[in-house]
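Given next are the chains, with one letter for each unit.
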Amino acid sequence: MKILITGANGMLAKSVIKRLEGNEIICTDVEDLDITNEETVKEFVTKIKPEYIINCAAFTAVDKAETAGEIVEKINADGPRNLAKAAKENDSVLVHVSTDYVFGGDLDVEKDYKEDDPKNPVTAYGITKLHGEEAIIENLDKYYIFRTAWLYGDGNNFVRTMLKLGETKDEINVVADQHGSPTYAEDLANFIGEAIEKKIPYGIYNATNEGYTTWYDFTKAIFEYAGIVCRVNPVTTEEYIEIMKVTQAKRPKNSQMTKEKLKAQGIEVPEWEDALKRYLKAEGKM
Ligand SMILES: NC(=O)c1ccc[n+]([C@@H]2O[C@H](COP(=O)([O-])OP(=O)(O)OC[C@H]3O[C@@H](n4cnc5c(N)ncnc54)[C@H](O)[C@@H]3O)[C@@H](O)[C@H]2O)c1
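Definitions and limits used
- Residues numbered from 1 in each chain as written.
- Predicted model: local features only at pLDDT ≥ 70, side-chain atom pairs only at ≥ 80, totals over all residues.
- Near = placed C-beta within 6 Å.
- Helix = DSSP H or I, 4+ residues; strand = E, 2+ residues; numbered from the N terminus.
- Nonpolar A, V, L, I, M, F, W, Y, C, P; charged D, E, K, R; others polar.
- Buried ≥ 20, exposed ≤ 12 C-beta atoms within 10 Å, placed from the backbone.
- Arc of directions from axis to C-beta.
- Contact = placed C-beta atoms within 7 Å.
- Expected span 1.5 Å × (residues − 1).
- Pairing = 2+ DSSP bridges.
- Axes fitted to C-alpha atoms, helices over the stretch in contact; angles between N-to-C directions.
- Parallel < 35°, antiparallel > 145°, perpendicular 65-115°, else oblique.
- Left-handed = near helix turned anticlockwise from the far one by under 90°.
- Right-handed = clockwise from strand over helix to strand, strands pointing away.

1. Digging into the site of the ligand
Next, step 1: Around the ligand there are 25 residues in total, and Gly7, Gly10, Leu12, Ala57 and Ala58 lie nearest to it.
Next, step 2: Counting only elements with at least two residues in the shell around the ligand, the list comes to helix 1 (11-19), helix 4 (70-90) and strand 4 (93-99).
Next, step 3: Here the residues of the shell around the ligand are counted per class, giving 12 nonpolar, 10 polar and three charged.

As structure tokens, this is what we get:
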């Protein structure tokens, strides 16, 4: 298969490229294919005519997005729109990655979000990512949108940050009132690979690892598996902001998304603990 990858230098893209080895893969990032430029995208896709376009490009800095201005909408919404239009003209399938931030994040933690639940993003990142989803749906039928959350892999991420802190500090404070599913980029890349190989029905799929936790319990698991001795104090989001003196975009209390739709396609969704162990082994930390 001929596959065009955008945002190919990013964390998820690295895992996607590895998962799809053996295919004809064309890797691009902002230097060679800026997805915000409609004309360039159209020309590039028309020249290459890929069967699949996998968009791993995004403005992913949630806090910076609050003050970064129109560039966030350009990358997260205009980019996917340009790719969707180019895909339509060239009969390509667009695979796009979105986020739990399209939801309000205030659902009762006894419940989890289904793909079609009402959207109510409350951050610049979430709003622009939702615009990106909408732009694809308006312009194209042949698309997959995978909504993920709490992603870690070969790039800066929460697990690497915690490992560094755990190795240098005696105790740390971690937020215990935000609930979600940590997701290993290798597993998300596998969902994408399986989806296109099995040709599952087009549409939106929640795509995280299985099971739910909090940042606090996730951190305790990281330290336990990596054999790190460091006291972890559970704090509320409000306490964390107060203690760390940070200003940050509003965080979802509940990022839990059901994976029943993905699993109904025969795609295996590993538990987050299992995924974390595989990651720590790959990182040489276990
Ligand atoms: N990291 C997370 O925790 C998380 C959570 C939920 C969803 N997601 C989504 O997963 C996807 C992948 O995230 P990631 O963490 O791998 O991202 P990343 O920040 O590691 O990589 C993004 C890439 O996009 C590229 N890019 C930025 N602007 C571009 C442009 N105009 N044209 C082309 N490329 C451009 C960057 O150079 C970078 O290589 C994104 O869609 C993101 O919104 C991530």
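And the narrative resumes.
2. So, helix 1
Next, step 1: Here helix 1 has its buried residues at Leu12, Ala13, Ser15 and Val16. Down the axis of helix 1, the buried side of the element spans an arc of 165°, and every buried residue falls inside it.
Next, step 2: For helix 1, the elements touching its buried residues are strand 1 (2-6), strand 3 (52-55), strand 4, strand 6 (151-152) and helix 7 (185-198).

3. Describing helix 5 (residues 124-139)
Next, step 1: The end-to-end C-alpha distance of helix 5, which contains 16 residues, comes to 23 Å, matching closely the 22 Å that a straight helix rising 1.5 Å per residue would cover.
Next, step 2: All of the buried residues in helix 5 are Ala124, Tyr125, Gly126, Ile127, Thr128, Lys129, Leu130, Gly132, Glu133, Ala135 and Ile136.
Next, step 3: In this structure, the buried side of helix 5 is in contact with helix 3 (62-65), helix 4, strand 4 and strand 5 (143-148).

4. What about unusual backbone geometry?
Next, step 1: The residue Asp91 is not glycine, and still its phi comes out positive at about 60°.
Next, step 2: As for its placement among the helices and strands, Asp91 is situated in the loop between helix 4 and strand 4.
Next, step 3: The backbone phi angle of Lys245 is positive, close to 50°, even though this residue is not glycine.
Next, step 4: In this structure, Lys245 sits in the loop between helix 9 (237-244) and helix 10 (260-263).
Next, step 5: For Lys245, a count of 6 C-beta atoms within 10 Å puts it in the exposed group.

5. Overview of the sheet that holds strand 2 (residues 24-27)
Next, step 1: The strand order across the open sheet built from six strands is 2-1-3-4-5-10, with neighbouring strands paired in parallel fashion. Each of the sheet's edge strands pairs with one partner strand only, and the pair in question is strand 2 and strand 10 (203-206). For this sheet the average axis-to-axis angle between neighbouring strands, irrespective of direction, equals 20°.
Next, step 2: Note that strand 1 and strand 2 share four bridges and pair parallel. Directly across from Ile5, in strand 2, lies its bridge partner Cys27.
Next, step 3: Against the sheet, helix 5 touches strand 4 and strand 5, its axis set at about 160° to strand 4.
Next, step 4: Across the face of the sheet, helix 7 comes into contact with strand 3, strand 4 and strand 5 while running at roughly 160° to strand 5.

6. Considering the packing of helix 4 against helix 5
Next, step 1: At their nearest, the axes of helix 4 and helix 5 sit 8 Å apart, and the two run at 15° to each other. Judged by the inter-axis angle, helix 4 sits roughly parallel to helix 5. For the pair helix 4 and helix 5, the sense of crossing is right-handed. Taken together, the residues of helix 5 that come into contact with helix 4 (itself represented by Val72, Glu73, Asn76, Ala77, Pro80, Arg81, Ala84, Lys85 and Lys88) are Ala124, Tyr125, Thr128, Lys129, His131, Gly132, Ala135, Ile136 and Asn139.
Next, step 2: Counted by class, the contact of helix 4 with helix 5 contains eight nonpolar, five polar and five charged residues.

7. Some details on the pairing of strand 5
Next, step 1: Taking burial as the measure, the six residues of strand 5 include six buried ones, the bulk of the element.
Next, step 2: Bridge analysis of strand 4 against strand 5 gives six bridges, and the strand direction is parallel. Note on strand 5: the bridge partner recorded for Ser98 is Arg147.
Next, step 3: Following the chain from strand 4 across helix 5 to the adjacent parallel strand 5, one finds a crossover that is right-handed.

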